[in-house]
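# Notes for the structure review
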Amino acid sequence: MSNPYPHMLEPLDLGFTTLKNRVLMGSMHTGLEDRRKDFPKLAEYFAERARGGVGMMVTGGFSPNIEGWLAPFGSKMSMPWEVGRHHQVTDAVHNEGGKICLQLLHAGRYGYSPLCVSASPIKSPISMFKPRELSGRGIRRTIRDYANSAKLAKKAGYDGVEIMGSEGYFLNQFLVTHVNKRTDEWGGSFENRMRLPVEVVRAVREAAGDDFIIIYRLSMADLIKDGSTWEEVVTLGKAIEAAGATIINTGIGWHEARVPTIVTSVPRGAFTWVTQRMKEHVDLPLITTNRINDPKVAEDILARGDADMVSMARPFLADPDFVKKAEEDRAEEINTCIGCNQACLDHIFVGKRSTCLVNPRACYETELVAKPATHKKRVAVVGAGPAGLSASTTLAQRGHEVTLFDADDKIGGQFNIAKQIPGKEEFYETLRYFDVLLKKEGVEVKLNTKVAANDLLKAGFDEVILATGIVPRVPKIPGVDHKKVLSYIDVVVHKKPVGEKVAIIGAGGIGFDVAELLVHEGTSPSLDIEKFNEEWGVDTDYENRGALDKPKPEAPARQVVMLQRKESKMGKGLGKTSGWVHRASLKMKQVQMITGASYDLIDDKGLHVTLNEEKKELIECDTIVLCAGQLSRRDLQEELEQAGMPTHLIGGSKLAGELDAKRAIREGFEVAVAI
Ligand code: FAD
Ligand code: NAP
Ligand code: SF4
């Protein structure tokens, strides 16, 4: 078989050991690390990914001591009795021919714990706890703690450790002057500020010996105002190399940075330029990262010589077999990570186990299992949106005979609308994946077929799954049938003309997306790295600290006002890790956001509203777009049930409120494994 990705699949010789390819599964906290009882699940999670062929993996972060906790009683590796459970993970991975490193992560002032410490007592914007300033003795002890953790990791069977030195965590905090105000040997000059990370690497190498991988995750672009200069980044890189690291991994942006670095609207491979800049300064293998989710993108990055390895993290939640499928020239079968963060990072931030919107089995490998069906059934699935696609492909994988109907001329349901929003182009990939899978699993797909209950009854199916989705809500506002009123479907799908001045009624996920669409013109910044860097102020010439420049957004294509009735913050219901990006993006485009509105009338002049129950106002506009939520479409249910047909509702047709694709896909899977 020809090798479609020669650079990505090339082994990497590290001297004392060899990685089978150039792909690292980057560190992700899954929520399974924190408790001993979850380790069998964690072991299977990693084993599945090792079986899928990835070159090496890094665990979620384990702190070297209690002060370094991400949260109280979180994952830690500092005591001999914490070692035993890890053998389940390392044995499982090694049995599958994989390699795995433990990440050593000291949270510093990002710790959500009253015990947190940092270089200086300066609170971070993302934790309510003010850190204690670590004393000189405390710093020496912490260095020993890192060395101790590395020793324990080796004992636990890990192939190495990754020392987390980026993303604004503890080691990174010592490097920059806005957190490090010390005047002792650990502060002041850059030589002093970088002393801690360098000593940590040296101590870890000494403790763990030569035959142990040490990855150092180095912040190559802090993307904060007082971040490191390029000269400082290079100086640190050289010192880390001299201190005994094996590989340097790229870190991009502090968690408090106001430049998006991993969400779906960030262009693929947007930050490899900075790893490439580092190449001439160090001899160690360099890993590049961020928004690499496709083997072709990875191959191009490596072929260009931007880096020696690529790190992908979330893509392995979406598809554990990513590398295997690429190796076997089946890349079109990869379930692509769409960068939504909805089921991975957004879960972790609210203390829930991580999983994946497009792959509900992620982190549930031992619990969600699609076993072969004991009795083959003929099942009709009505609706080829995310819910119906997930249900029909899982049913077929289990051996059922499945017919999937959709009234539309293509599969995808509302994802066909979502994929047209600037910054949501990745949603195309989910449809490509399901399209390939439907064919592979032999699902009979009947498009342009709006089915009635009677059609299904006559066809003699054993069971019916209704995944018929939603209908948009039309709010009862006087004048809502005025010609200047359009639904979001009119705007996005039917491309009806929209005027210069627009009012959007409803500021949920769809309201925000429609606003994005209406203010953008030309190529989406998510498809154009240069445009993205201009819009968000990323300084690829590195003339400024932190690689940060002044954002230069293009002028908005229209004047947009968004309204909601609630008085709460706009976009409160959006994802924890992506909502701020949507809000910031629309702010740059001067979108006006009005809360506490009640809608009085729509007429030739525009939208008449009362604000906060007292102030009457006219919002002059040419077009009003309704994004006022959705209602379930269940027109077939009653007749089917009355006729005694076993009928299941999933996705939007089950419940339109708080619907998202994560729930739709998971419900599709769940119903399919239960039939
Ligand atoms: P749908 O996707 O609505 O699919 C229902 C299907 O049923 C349709 O294809 C329809 O043609 C078909 N159908 C209905 N009746 C019949 C019939 N009688 N016969 C045959 N076919 C029939 N969700 C997220 O999680 N994250 C996002 O970022 C996100 N962004 C979005 C952006 C936009 C602009 C929009 C519109 C939606 C977005 N969503 C997002 C929502 C997400 O797309 C929906 O939650 C999801 O599509 C619901 O899936 P579903 O399968 O239940 O229904
Ligand atoms: P939504 O998030 O529930 O928002 C509906 C909006 O309509 C709200 O702003 C609501 O605000 C308003 N509204 C509700 N009833 C109204 C009425 N009778 N009159 C006027 N306004 C009314 O729903 P959506 O935007 O339609 O999105 C549908 C689903 O897709 C959501 O559940 C969402 O999770 C998902 N989605 C997600 C994303 C994402 O980025 N994660 C993006 C798009 C869609 P008030 O009640 O305050 O007026
Ligand atoms: Fe990727 Fe979204 Fe899955 Fe997270 S939830 S791994 S971002 S597709």
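Predicted model only: the values in this text are computed from it and were never measured. (Residues numbered from 1 in each chain as written. Chains lettered and ligands numbered in written order. Predicted model: local features only at pLDDT ≥ 70, side-chain atom pairs only at ≥ 80, totals over all residues. Heavy atoms only, no water.)

Our focus in this paragraph is unusual backbone geometry. Of note in the backbone geometry, F73 takes a positive phi value of approximately 65 degrees without being a glycine. Tracing the backbone shows F73 in the loop between β4 (56-62) and α2 (86-95). Of note in this structure, N341 is not a glycine but carries a positive phi near 65 degrees. Along the chain, N341 turns up in the loop between α11 (322-327) and α12 (345-349). (Helix = DSSP H or I, 4+ residues; strand = E, 2+ residues; numbered from the N terminus.)

Our next topic: the site of ligand 3. Neighbouring ligand 3 are R314, L317, C337, I338, G339, C340, N341, A343, C344, C356 and L357. Along the lines of polarity and charge, the residues of the shell around ligand 3 split into eight nonpolar, two polar and one charged. (Near = heavy atom within 4 Å. Nonpolar A, V, L, I, M, F, W, Y, C, P; charged D, E, K, R; others polar.)

Once that is clear, we can look at the sheet that holds strand β25 (residues 623-626). The sheet built from five strands is open, its strands ordered β18-β25-β19-β20-β21 with parallel pairing. Looking at strand neighbours, the two that pair on one side only are β18 (485-487) and β21 (592-594), the edges of this open sheet. Within this sheet the neighbouring strands show an average axis-to-axis angle of 25 degrees, counted without direction. Against the sheet, helix α18 (residues 509-519) engages β19 (501-505), β20 (559-563), β21 and β25, with an angle of about 175 degrees to β20. (Pairing = 2+ DSSP bridges. Axes fitted to C-alpha atoms, helices over the stretch in contact; angles between N-to-C directions. Contact = heavy atoms within 4.5 Å.)

Attention shifts here to the domain arrangement of the protein. Many authors give the size of an interface as the accessible area that is lost as the parts come together. Partitioning the protein into domains gives domain 1 (12-348), domain 2 (378-471 + 631-674) and domain 3 (474-521 + 557-628). Placing a centre on the C-alpha atoms of domain 1 and another on those of domain 3 gives a separation of 41 Å. Domain 1 puts 10 residues into the contact, and the matching count from domain 3 is six residues. Interface area, domain 1 with domain 3, both sides summed: about 560 Å², of which 62% is carbon and sulfur. Interface area lost by domain 1 to domain 3 is led by R258, V263 and D346, which between them contribute 63%. (Domains from an automatic or database assignment. Buried area = accessible area lost by both parts, 1.4 Å probe.)

On to the pairing of strand β8 (residues 160-165). Burial of β8 is extensive: six of the six residues sit out of reach of the surface. The two faces of β8 match: G160, E162 and M164 on one face and V161, I163 and G165 on the other face are all buried. Bridge count between strand β5 (residues 100-104) and β8: four bridges; the pairing is parallel. Within the sheet, the bridge partner assigned to Q103 lies in β8 and is E162. Relative to strand β9 (residues 213-221), β8 runs parallel, the two being bridged by six bridges. Residue pairing for β9: M164 is matched across the bridge by R217. (Buried < 20%, exposed > 50% of the residue type's maximum accessible area, 1.4 Å probe, protein only.)

What follows covers the sheet that holds strand β10 (residues 247-252). Read once around its circumference, the closed barrel built from eight strands follows the order β3-β4-β5-β8-β9-β10-β11-β12, with strand pairing classed as parallel. When the angles between neighbouring strand axes are averaged without regard to direction, this sheet yields 30 degrees. Here helix α7 (residues 230-243) sits on the sheet and contacts β9 and β10; the angle it forms with β9, its principal contact strand, is near 175 degrees. Docked against the sheet, helix α8 (residues 272-279) engages β9, β10 and β11 (286-288), running at close to 165 degrees with respect to β11.

At a closest axis distance of 11 Å, the pairing of α7 and α8 adopts a crossing angle of 60 degrees. Our classification of the angle between α7 and α8 gives oblique. Remark: the crossing between α7 and α8 carries right-handed chirality. Here α7 contributes W230, V233, V234 and G237 to the contact with α8, which in turn contributes V274, R277 and M278. Here the residues of the contact of α7 with α8 sort into five nonpolar, one polar and one charged. (Parallel < 35°, antiparallel > 145°, perpendicular 65-115°, else oblique. Left-handed = near helix turned anticlockwise from the far one by under 90°.)

The next thing to look at is the pattern of salt bridges. A side chain with one charge may pair with a side chain of the opposite charge, provided their charged atoms come close. Summed over all chains, the structure comprises 51 salt bridges. Between E167 and R217 there is a salt bridge, with the nearest N and O atoms lying 3.2 Å from each other. On the criterion of sequence distance, the pair formed by E167 in the loop between β8 and α4 (170-175) and R217 in strand β9 is long-range, its members being 50 residues apart. Exposure class is identical for E167 and R217. Each is buried. The residue K410 makes a salt bridge to D408 at a minimum N-O spacing of 3.6 Å. Of the residues examined, K410 reaches a relative accessible area of 36% and is grouped as partly exposed. (Salt bridge = Lys/Arg side-chain N within 4 Å of Asp/Glu carboxyl O.)

Attention now goes to the environment of L134. Here L134 is to be found in the loop between β7 (132-133) and α3 (136-155). Given a relative accessible area of 0%, L134 falls into the buried group. Discounting chain neighbours no more than four positions away, the residues touching L134 are E67, V117, S118, I139, R141, T142, F170 and R182.

Most of α18 sits out of view: eight of its 11 residues are buried. Residues of α18 that are buried include every one of G511, F512, D513, V514, A515, E516, L518 and V519, and no others.

Let's shift gears to the site of ligand 2. By nearness alone, 21 residues border ligand 2, and A507, I510, R565, K566 and L659 come closest of all. Backbone polar atom of I510 to an oxygen atom of ligand 2: 2.9 Å apart, as the coordinates give it. The leading source of residues in the shell around ligand 2 is α18, at three residues. Across the shell around ligand 2, the residue classes break down as seven nonpolar, seven polar and seven charged. Looking at the shell around ligand 2, you find at least three residues from each of domain 2 (378-471 + 631-674) and domain 3 (474-521 + 557-628). (Polar contact = N/O pair within 3.5 Å; in protein donor to acceptor, adjacent residues only side chain to side chain.)

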